[in-house]
Amino acid sequence: MSQATTDYRLEGDNSIYAQADGKVVPVVTRAGEEDTNTAQSGDCIRVSGVSIQHTPATKIWFGQVSNVPGYRSLPHHHGEAETGGYVLRGHGRIYFGENYSEFIDMKAGDWVFVPPFMPHVEANMSVTEELVWLTARTPENLVVNLDDVPDETLADYRRA
């Protein structure tokens, strides 16, 4: 039985990430120092932990997204960005499709992928619990807000 080996690339130019002294080091965003000046969508709050706004990152946005009980985002899409999410707590729903008539529910421990240019609405389906998830997006936190729709358009959605 042969054992597989992994070759790691040890060369490459990462000098664009260098600090003023020329050193390339990991960058930590401390709790409470996250960037809140990020694109928002209605009642969906995005807080950046890793992004071009406050780290040397140029090809990823990684942050926490939340909706207070009974609130939702505006209809929107993320342009060319691929989006991945992980639900930390709560009951979320993503509405999509014609007139946002289709939906997928998510709960703590679920992962979601939203393709580029897909119009959708992110909703907190609970009127008592916060919905919180982690989101990674490449190349950046692109948010294109679309015309809003009445709450009644969204199956089973209700505000707090």
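What you see as residue numbers is a count from 1 along each chain, following the sequence as written. Only residues with pLDDT of 70 or above have their local features reported here, since the model is predicted, and side-chain atom pairs are shown and tallied only from 80 upward, although totals for entire chains, interfaces and linings are computed over all residues. With hydrogens and water excluded, all non-hydrogen atoms of the structure serve as input to the side-chain values.

Labelled according to an unreviewed UniProt entry, the protein appears under the name Cupin domain-containing protein, originating from Paenarthrobacter ureafaciens.

### Regarding the nonpolar core
Among buried residues, those of type Ala, Val, Leu, Ile, Met, Phe, Trp, Tyr and Cys that are joined through side-chain atoms within 4.5 Å constitute a nonpolar core. Burial classes follow relative accessibility: with a 1.4 Å probe on protein chains only, a residue under 20% of its type's maximum area counts as buried, one over 50% as exposed, and anything between as partly exposed. Listed in full, the nine residues of the largest apolar core are Cys44, Trp61, Val65, Val87, Ile94, Met106, Val114, Leu131 and Trp133. Formed by eight residues, the second largest nonpolar core is a distinct cluster that contains Tyr100, Val149, Leu154 and Tyr157.

### A look at the environment of Pro139
Following the sequence through the fold, Pro139 ends up in the loop between strand S9 (131–138) and strand S10 (144–145). Residues Pro139 and Thr128 lie 11 residues apart in sequence; the distance between their C-alpha atoms is 34 Å. By definition in these notes, contact holds between two residues if any of their heavy atoms fall within 4.5 Å. Discounting chain neighbours no more than four positions away, the residues touching Pro139 are Thr58, Lys59, Ile60, Trp61, Glu80 and Ala81. Helix and strand labels come from DSSP, where a helix needs a run of H or I of at least four residues and a strand needs a run of E of at least two; each type is numbered from the N terminus.

### Examining the sheet that holds S9
Within a sheet, each strand pairs with its neighbour through backbone hydrogen bonds, oriented either parallel or antiparallel. Strand order across the open sheet formed by five strands is S1-S2-S9-S4-S7, with antiparallel pairing between neighbours. The open sheet has two free edges, formed respectively by strand S1 (45–50) and strand S7 (111–114), since each of these has just one partner strand. Pairs of neighbouring strands in the sheet enclose a mean axial angle of 25°, with direction left out of account. One requirement defines pairing of two strands: DSSP has to find at least two bridges between them. In this structure, strand S4 (residues 82–89) lies alongside S9, joined through seven bridges in antiparallel fashion. Along S9, the bridge assignment pairs Glu82 with Thr138. Here the axes come from fitting lines to C-alpha atoms, over the contacting stretch only for helices, and the angles between their N-to-C directions go from 0 to 180 degrees.

### Overview of the sheet that holds strand S6 (residues 102–107)
Taken together, the three strands give an open sheet; going across it, the order is S6-S5-S8, and neighbouring strands pair in antiparallel fashion. Bordering the open sheet on either side are S6 and strand S8 (121–124), each of which pairs with just one other strand. Across the sheet, the mean angle from the axis of one strand to that of its neighbour is 25°, orientation sign disregarded. As paired strands, strand S5 (residues 91–96) and S8 are joined by four bridges and run antiparallel to one another. Following the sheet pairing, Gly92 is matched in S8 by Asn124.

### Observations concerning the pattern of salt bridges
A carboxyl oxygen of Asp or Glu within 4 Å of a side-chain nitrogen of Lys or Arg is what we treat as a salt bridge. Overall, the coordinates contain seven salt bridges when judged by the stated rule. One salt bridge in this structure joins Asp156 and Arg93, with 3.7 Å as the shortest N-O distance. Note that Asp156 is positioned in the segment after S10 and Arg93 in strand S5, a separation of 63 residues in sequence. Classification of Asp156 as exposed rests on a relative accessible area of 61%. Overall, Arg93 belongs to the buried group, its relative accessible area being 6%.

### Quick look at unusual backbone geometry
Residue Pro139 is bonded to the preceding Thr138 through a cis peptide linkage, with omega at 10°. Despite not being glycine, Asn99 shows a phi value in the positive range, around 55°. What makes Asn99 exposed here is its relative accessible area of 56%. Within the chain, Tyr100 stands out as a residue other than glycine whose phi angle is a positive 55°.

### So, the UniProt feature "domain: Cupin type-2" (unreviewed entry) in the protein
UniProt positions are given in the numbering used here, feature names are shortened, and annotations may be inferred rather than shown by experiment. Those places that UniProt annotates as "domain: Cupin type-2" (unreviewed entry) correspond, in this numbering, to residues 69–135. Each end of residues 69–135 is marked by a C-alpha atom, and these two atoms are 19 Å apart; helix forms 0% of the span and strand 52%.

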